[in-house]
Amino acid sequence: MALGEQCSAPPRWRSISLTHVEFAEDDLTGQVLAYISLLPIAILVGFVTLIVFKRELHTISFFGGLVLNEGVNWLLKHILREPRPCAGAHSALNTEYGMPSSHSQLIWFFVVYFFLFLYLRMHQTNNARCVDLLWRHILSIILLGMALSVSYSRVYLLYHTWSQVFYGGVAGCTIGIVWFFFTQEVLTPLFPKIAAWPISEYFLVRDTSLIPNILWFEYTVTRSEARNRQRKLGTKLQ
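Everything quoted here is computed from the prediction, not taken from an experiment.

Criteria and cut-off values
- Residues numbered from 1 in each chain as written.
- Predicted model: local features only at pLDDT ≥ 70, side-chain atom pairs only at ≥ 80, totals over all residues.
- Heavy atoms only, no water.
- Axes fitted to C-alpha atoms, helices over the stretch in contact; angles between N-to-C directions.
- Helix = DSSP H or I, 4+ residues; strand = E, 2+ residues; numbered from the N terminus.
- Parallel < 35°, antiparallel > 145°, perpendicular 65-115°, else oblique.
- Left-handed = near helix turned anticlockwise from the far one by under 90°.
- Contact = heavy atoms within 4.5 Å.
- Nonpolar A, V, L, I, M, F, W, Y, C, P; charged D, E, K, R; others polar.
- Salt bridge = Lys/Arg side-chain N within 4 Å of Asp/Glu carboxyl O.
- Buried < 20%, exposed > 50% of the residue type's maximum accessible area, 1.4 Å probe, protein only.

## A few points about the packing of helix H4 (residues 57-80) against helix H5 (residues 102-121)
Then comes step 1: H5 packs onto H4 with a crossing angle of 150° between their chain directions and a minimal axis gap of 10 Å. Considered as vectors, H4 and H5 are oriented roughly antiparallel to each other. Between H4 and H5 the crossing geometry is right-handed. The segment H4 lies against H5, with His-58, Phe-62, Gly-65, Leu-66, Asn-69, Glu-70, Val-72, Asn-73 and Lys-77 engaging Ser-102, Gln-105, Leu-106, Phe-109, Phe-110, Tyr-113, Phe-114, Phe-117 and Arg-121.
Then comes step 2: For the contact of H4 with H5, the class distribution of residues is nine nonpolar, six polar and three charged.

Structural data, given as structure tokens:
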């Protein structure tokens, strides 16, 4: 088709609704909240990145819980079939149903699971310092602020009612708690066996469940290996 013909009879365009969040014109608060409401998508992208580069079983399990949580949300929406507020206010929606809010359910699943991970999974060692507890408390406050902001944004932008956001949060918290303890009590004991599978070894999948502070472990191991290689390189150059 020639360019002139395309312009004279343009097709109907559609946007990718995955990140199509609308806000009222000239509303700075709405614009900020629209970006905040994209945090669940950023979390999913972050998980995929972590899995690709870290390939750690607990991270994979955490992501599996997020996927399960989204599946439960889809099921609940199509069972309850409660419409969103202000029908027709938004042009691009994945589904016309709003109960429960998927954004609220996902962010509260993530935050509650992360709370449990910080205070139960990352157990204190004998040489733990006050600063270790301090950063956990600060991170917890930041995560709580994220969850509240995302939840509020969905109501402010007229995507959901307060009840839809509330019950989404309740569902997310409940599934997050259940999935955390399922991972700890059922899946974690299986991680060493899973990591020993030939396919896991081929894809470099690893289990770090017995390492209390993986950041410190990776830092010390990397630093030690870098120093060893530097010494060997210096010896060869002499």
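Structure's up, so let's keep going.
## Some thoughts on the pattern of salt bridges
Then comes step 1: As enumerated under the stated definition, the model contains one salt bridge in all.
Then comes step 2: In this structure, Arg-229 and Glu-225 form a salt bridge, with 2.8 Å as the shortest nitrogen-oxygen distance. Of this pair, Arg-229 and Glu-225 both sit in helix H10 (residues 214-237), four residues apart, which is roughly one turn of that helix.
Then comes step 3: The exposure class assigned to Arg-229 is exposed, which follows from its relative accessible area of 56%.

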